[in-house]
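# Structural features, examined
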Amino acid sequence: MFRALPSNDCPTAARFAAPPGGVLTAEMRAAYARDGFLVIEDMVPPADCAALMARAEELVAGFDPGTVSSVFSTRGQVHGRDRYFQESGNKIRFFFEEEAFDAAGLLRQDKRLSINKIGHAQHDLDPVFRRFSRLPQLATLASRPGGLGLAEPLLLQSMYIFKQPRIGGEVGWHQDSTFLYTEPLSVVGLWFALEDATVENGCLWALPGGHLGPLRERWRRKDGALVMERLDDTPWQEEGAVPLEAKRGTLVVLHGKLPHGSLPNRSERSRHAYTLHLIDGACCYAEDNWLQRGADLPLKGFDVSL
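The rules we used
- Residues numbered from 1 in each chain as written.
- Predicted model: local features only at pLDDT ≥ 70, side-chain atom pairs only at ≥ 80, totals over all residues.
- Heavy atoms only, no water.
- Pairing = 2+ DSSP bridges.
- Helix = DSSP H or I, 4+ residues; strand = E, 2+ residues; numbered from the N terminus.
- Salt bridge = Lys/Arg side-chain N within 4 Å of Asp/Glu carboxyl O.
- Buried < 20%, exposed > 50% of the residue type's maximum accessible area, 1.4 Å probe, protein only.
- Core = buried A, V, L, I, M, F, W, Y, C linked by side-chain atoms within 4.5 Å.
- Contact = heavy atoms within 4.5 Å.
- Axes fitted to C-alpha atoms, helices over the stretch in contact; angles between N-to-C directions.

Further remarks concern the sheet that holds strand β8 (residues 188–193). Read from one edge to the other, the open sheet built from eight strands follows the order β1-β2-β13-β8-β15-β5-β4-β3, with strand pairing classed as mixed. The open sheet terminates on both sides in strands that have one partner only, identified here as β1 (16–17) and β3 (92–96). Pairing analysis gives four bridges linking strand β4 (residues 115–120) to strand β5 (residues 153–161), with the strands arranged antiparallel. Looking across to β5, one finds that G119 is bridged to M159.

Structure, rendered in structure tokens:
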């Protein structure tokens, strides 16, 4: 991963005010086509951010860490060998930071400061997350004709990311379509800053225009295991990286082929965020994707009555 510049030396990304009703302007659509991302400030009100954070605290409080010690790390995708992770596509499960445990396998600090993320179906299974994930402005932003152009937007995966103080782990350069593959490619990431995200506490970084290049890898099921297959050896153009600093309530929209990642959080402040991944139901969702949903919990769209 790259080395971050001091805040006052960093290049800046284009920013936009929240569009009324979620209808993207022509300027926003052009920026998304050019850069592969949008930074939309004040997209969700502070009260909604606070409600999601409070609910996450409740879920963690009810989680017994003695029942599981699954660690989430992008280094080598070690969680891919973990059934607890592999079977989380239709559940609400908890994953620890790499540095949460000491040499004896015990938590170094309270569990609420040790969790990396909650995933991956709280947008369907929890009422607070379900309501937030289906805010009317998000449905408009995702759809045709005034949004991102998904013919049949489906809510595939959700993650509540804590980016804990001092031990928040690095997330290396990746493209979301590597993990959530459709033909043709259609995945879109909606990343919500629930707290201010800065260079100091591990904000997102992106490579503007990188979505116009090839998909580098595919992470898929093969012969009963999850494997990473290399598709293209084109190197990342890291010198063009920009930080996507975001104030609370900001939405960052991420194209499925956009290279993005984040550095470790060594600061004293957490960087809570919520990510929702959408796909187009008009596209074919690969049967060998890691995340699969059974007939008991089919994918749904933005209709809150479903």
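Still more ground to cover, so stick around.
To continue, consider the pattern of salt bridges. What the rule picks out here adds up to 17 salt bridges. For D48, the salt bridge goes to R131, with nearest N and O atoms at 2.8 Å. Residue D48 is found in helix α2 (residues 46–61), and its partner R131 is found in helix α5 (residues 127–133); the two are separated by 83 residues along the sequence. A relative accessible area of 13% means that D48 is categorised as buried. Since its relative accessible area comes to 44%, R131 is described here as partly exposed. Notably, a salt bridge pairs D124 with R293, separated by 2.5 Å at the nearest N-O pair. Here R293 lies in the segment after β16 (284–285) and D124 lies in helix α4 (residues 122–125), a separation of 169 residues in the sequence.

It is worth spelling out unusual backbone geometry at this point. Across the junction of G119 and H120, the peptide omega takes the value 10 degrees, indicating a cis bond. Here H120 lies in strand β4. For the bond running from E183 to P184, omega is -10 degrees, close enough to zero to count as cis. Following the sequence through the fold, P184 ends up in the loop between β7 (182–183) and β8. Unlike most non-glycine residues, K163 shows phi in positive territory, near 40 degrees.

Within the largest apolar cluster, 57 residues are counted, with the highest numbers of intra-cluster contacts made by L38, L141, L190, F192 and V253. Sorting elements by how many residues they give to this core places α2 first, with six residues. Among all residues touching F192, those that are not within four sequence positions of it are V44, F132, L138, T250, L251, H272, A273 and Y274.

Taken together, the four strands give an open sheet; going across it, the order is β6-β14-β9-β12, and neighbouring strands pair in antiparallel fashion. Looking at the sheet topology across the chains shown, the edges are occupied by β6 (171–174) and β12 (242–244). Across the sheet, the axes of successive neighbouring strands diverge by a mean angle of 25 degrees, strand direction being ignored. Sheet topology places β6 next to strand β14 (residues 260–262); two bridges connect them, and they run antiparallel. Looking at the pairing, H174 lines up with H260 of β14.

This paragraph deals with the pairing of strand β11 (residues 225–230). Note: strand β10 (residues 217–222) against β11, six bridges, orientation antiparallel. The residue bridging E217 from the neighbouring strand is R230, located in β11. Remark: two residues form the turn of the hairpin made by β10 and β11, two consecutive strands paired antiparallel; D223 in that turn has positive phi of roughly 55 degrees.

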